[in-house]
Amino acid sequence: MNYVHPEPRPWRIKSHPLVPGEMIVTVVDRLGMPVWWPNLFHVFELRDAGRSYATQKRTMSAIATAFNWAAERDIDLEARIESFEFLDYAETKALQARLQINILEAKAGNDRIVGNGYWDSRCRAVRDYLRWRAAEAMHRLERRDAEHLGGLLHRAAGEGLNRFCEDLVSGIGPDTKFDAYGLDPDEQAALLFAITPGS
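Since this is a predicted model, take the numbers as computed values, not measurements.

Draft legend 1. Local environment of the nonpolar core. Counting residues in each nonpolar core, the largest one holds 40 residues, and the members touching the most others are L95 and V126. At the level of secondary structure, the elements contributing two or more residues to this core comprise β2 (23-28), α1 (36-47), α2 (53-72), α3 (77-82), α4 (89-100), α6 (116-138) and α7 (149-169). The biggest single contributor to this core is α6, with nine residues. Once residues within four sequence positions are removed from consideration, V126 is found in contact with A62, I63, A66, L95, L99 and L168.

See below:
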């Protein structure tokens, strides 16, 4: 798709309030202009679905990171989606690794990573966006049956998309759980003694 505005990288997330006090996010390019497809995804799939501001921000931040990562490697992600070429296995795993790096720490020059649960949600956000975006392109294909070229192309595109989606979220271990313990009986007795008036 040819854009009137080239949407130069890097992209970033801009938060702003609406009139009734609702906070929303917008993906903007280097010049501060809103970008087209990610913001459509945000409106239709996140905001209209009633997702929280934190979920919207986390999701759109992951998508912006994916596009910035692709631009750093001269990968035109939109062109890959439009042509159903998606990312190969090595590129997918490189993107997955990039989504593990803490964005704020990366800006400070550190490569500190996020926890597995957060990492998984970032990978799923990018997966969901690419699946949504690819669906728009796939709807333009003729899908009568597998004997026609349109049907074959649709099936091949769907298989490639499924493979990419599975690879992007595979290999992420479970999130580390920390057991939260209360006070043991001796500590409870000491606390009750300390807060009892006149003790």
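Draft legend 2. Representation of a nonpolar patch on the surface in the model. A cluster of nonpolar side chains, namely L183, L191, L192 and I195, defines an oily patch on the protein surface of about 390 Å² accessible area. Of note, L183 is situated in the loop between α7 and α8 (185-195). Judged by its relative accessible area of 43%, L183 is partly exposed.

Draft legend 3. View of the packing of α2 against α4. Axis separation between α2 and α4 bottoms out at 10 Å; the angle between their running directions is 130°. With respect to α4, the axis of α2 lies oblique. Note on packing geometry: the crossing formed by α2 with α4 is right-handed. Where α2 abuts α4, its residues A62, T65, A66 and W69 lie against E91, A94, L95, R98 and L99. Here the contact of α2 with α4 is composed, by residue class, of six nonpolar, one polar and two charged.

Draft legend 4. View of unusual backbone geometry. The amide bond that connects R9 to the next residue, P10, takes the cis arrangement and shows omega of 0°. For D74, which is not a glycine, the phi torsion comes out positive at approximately 55°. Position of D74 relative to the elements: it lies in the loop between α2 and α3. A positive phi angle is found at F86, which is not glycine, with a value near 45°. Overall, the relative accessible area of 4% leaves F86 in the buried class.

Draft legend 5. Here's a closer look at the pairing of β2. By the criterion of burial, β2 is predominantly enclosed, with five of the six residues buried. The pairing of strand β1 (residues 12-17) with β2 spans six bridges and is antiparallel. Within β2, the residue paired with I13 across the bridge is V27.

Draft legend 6. Here's a closer look at the side chain of E7. Checked against the element boundaries, E7 lands in the segment before β1. Here E7 is buried and forms no salt bridge, its nearest opposite-charge partner R9 lying at an N-O distance of 5.5 Å. Once residues lying within four places of it in the same chain are set aside, the contact partners of E7 are D29, V35 and W36.

Draft legend 7. Region of the structure containing the layout of surface pockets. Here the largest pocket is characterised by a volume of approximately 590 Å³. I13, S61, T65, I103 and K107 are the residues nearest the centre of the largest pocket, which is lined by 24 residues in total. Residue contributions to the lining of the largest pocket peak at nine residues, all from α2. Looking at the lining of the largest pocket residue by residue, the classes come out as eleven nonpolar, five polar and eight charged.

Draft legend 8. Region of the structure containing the pattern of salt bridges. Considering all chains together, one arrives at eight salt bridges under this definition. Two residues, E91 and R80, come together in a salt bridge whose shortest N-O distance is 2.9 Å. With E91 in helix α4 and R80 in helix α3, this pair connects stretches of sequence that are eleven residues apart. Put simply, D128 and R127 hold a salt bridge, and the shortest N to O gap is 3.0 Å. Residue class for R127 comes out buried when judged on its relative accessible area of 17%. Through salt bridges with shared partners, one network takes in E78, E82, R133 and E136.

Reading guide: rules and limits
Residues numbered from 1 in each chain as written. Predicted model: local features only at pLDDT ≥ 70, side-chain atom pairs only at ≥ 80, totals over all residues. Heavy atoms only, no water. Core = buried A, V, L, I, M, F, W, Y, C linked by side-chain atoms within 4.5 Å. Buried < 20%, exposed > 50% of the residue type's maximum accessible area, 1.4 Å probe, protein only. Helix = DSSP H or I, 4+ residues; strand = E, 2+ residues; numbered from the N terminus. Contact = heavy atoms within 4.5 Å. Patch = residues over 30% accessible without salt bridge, like charges linked within 9 Å, V, L, I, M, F, W, Y side chains within 5 Å. Areas by Shrake-Rupley, 256 points an atom, 1.4 Å probe, with all protein chains shown as cover. Salt bridge = Lys/Arg side-chain N within 4 Å of Asp/Glu carboxyl O. Axes fitted to C-alpha atoms, helices over the stretch in contact; angles between N-to-C directions. Parallel < 35°, antiparallel > 145°, perpendicular 65-115°, else oblique. Left-handed = near helix turned anticlockwise from the far one by under 90°. Nonpolar A, V, L, I, M, F, W, Y, C, P; charged D, E, K, R; others polar. Pairing = 2+ DSSP bridges. Lys, Arg positive; Asp, Glu negative; His and termini not counted. 1 Å grid on protein atoms, 1.4 Å probe; cavity = no way out; pocket = protein on both sides within 12 Å on 5 of 7 lines; lining within 4 Å. Points joined across faces, edges and corners; volume = space filled by probe spheres on them.

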